[in-house]
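# An overview of the molecular structure
Letter by letter, the chains look like this.
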Amino acid sequence: MIETKIYKGYKLTIPAELRKKLNINEDDTVKWNINEKGKLELDIETTKNLMDFAGMISDDTLDSVEAKKKASRGESFK
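An account of the accompanying structure is given in this report. (Residues numbered from 1 in each chain as written. Predicted model: local features only at pLDDT ≥ 70, side-chain atom pairs only at ≥ 80, totals over all residues. Heavy atoms only, no water.)

## Some remarks on the overall build of the protein chain
Stated formally: By the criteria applied, helices consist of DSSP H or I runs no shorter than four residues and strands consist of E runs no shorter than two, each listed in order from the N terminus. Classification of residues uses two cut-offs on accessible area relative to the type maximum, computed with a 1.4 Å probe and protein chains only: under 20% is buried, over 50% is exposed, and between them is partly exposed. The contact definition used throughout considers only heavy atoms, calling two residues in contact when any of these lie within 4.5 Å. Surface accessibility in these figures is a Shrake-Rupley result with a 1.4 Å probe; residues are shielded only by whichever protein chains are displayed.
A count of helices and strands for the protein chain gives two helices and four strands. Starting at the N terminus and ending at the C terminus, the protein chain contains elements arranged as β-β-α-β-β-α. Expressed as a percentage of its 78 residues, the buried residues of the protein chain come to 6%. Partitioning the contacts of the protein chain with sequence separation of at least 6, the portion at a separation of at least 24 is 0%. When the accessible surface of the protein chain is split by element, carbon and sulfur atoms take 53% of a total near 7,800 Å².

Next up, the structure:
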């Protein structure tokens, strides 16, 4: 079991070992919940950056310049 201290203002630090295992970053969000058994559960909501979306769309006919124009107008890429 990994322990951490609660500091003044009820602040705490997620230990480095857990941050690395769970790939937690500074901009991520922690959601707190108490389950039916009264135990604390945490859910980490990771933020997405542009590189997370790289390669999601693969279309040989997609023109990046035209796609950018459509995106700026709020149009669909289809």
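## Considering unusual backbone geometry
In this structure, Y10 is a non-glycine residue whose phi angle is positive, near 60°. Of note, Y10 is situated in the loop between β1 (6–7) and β2 (11–12). The backbone of N23 sits at a positive phi, close to 55°, despite the residue not being glycine. For N23, the location among the structural elements is in the loop between α1 (16–22) and β3 (29–34).

## Overview of the pairing of β3
The line we're drawing: If DSSP finds at least two bridges between two strands, the strands pair.
In terms of strand pairing, β3 meets strand β4 (residues 40–45) through six bridges, oriented antiparallel. Looking at the pairing, T29 lines up with E45 of β4. Between β3 and β4, which pair antiparallel one after the other, the connecting turn spans five residues, and G38 there sits at a positive phi close to 80°.

## Observations concerning the pattern of salt bridges
Inclusion rule: Any Lys or Arg side-chain nitrogen located within 4 Å of an Asp or Glu carboxyl oxygen qualifies as a salt bridge.
This model, assessed by the stated rule, comprises two salt bridges. Its salt-bridge partner being K21, residue E17 comes within 3.5 Å of it at the nearest N-O pair. Highlighted residues: E17 and K21, both in helix α1, separated by four residues, approximately one helical turn. For K21, a relative accessible area of 63% gives the class exposed.

## As for the environment of K39
As for its placement among the helices and strands, K39 is situated in the loop between β3 and β4. The exposure class of K39 is exposed, given its relative accessible area of 55%. Residues within four places of K39 in sequence aside, it is in contact with N33 and I34.

## Examining the side chain of N35
The test is simple: Whenever two N or O atoms come within 3.5 Å, that pair is a polar contact, provided that in protein one can donate a hydrogen and the other can accept it, and provided that, for residues adjacent in sequence, both atoms are side-chain atoms.
Along the polypeptide, N35 turns up in the loop between β3 and β4. Residue classification places N35 among the buried positions, given a relative accessible area of 17%. At 2.9 Å, the side chain of N35 forms a polar contact with the backbone nitrogen of K39.

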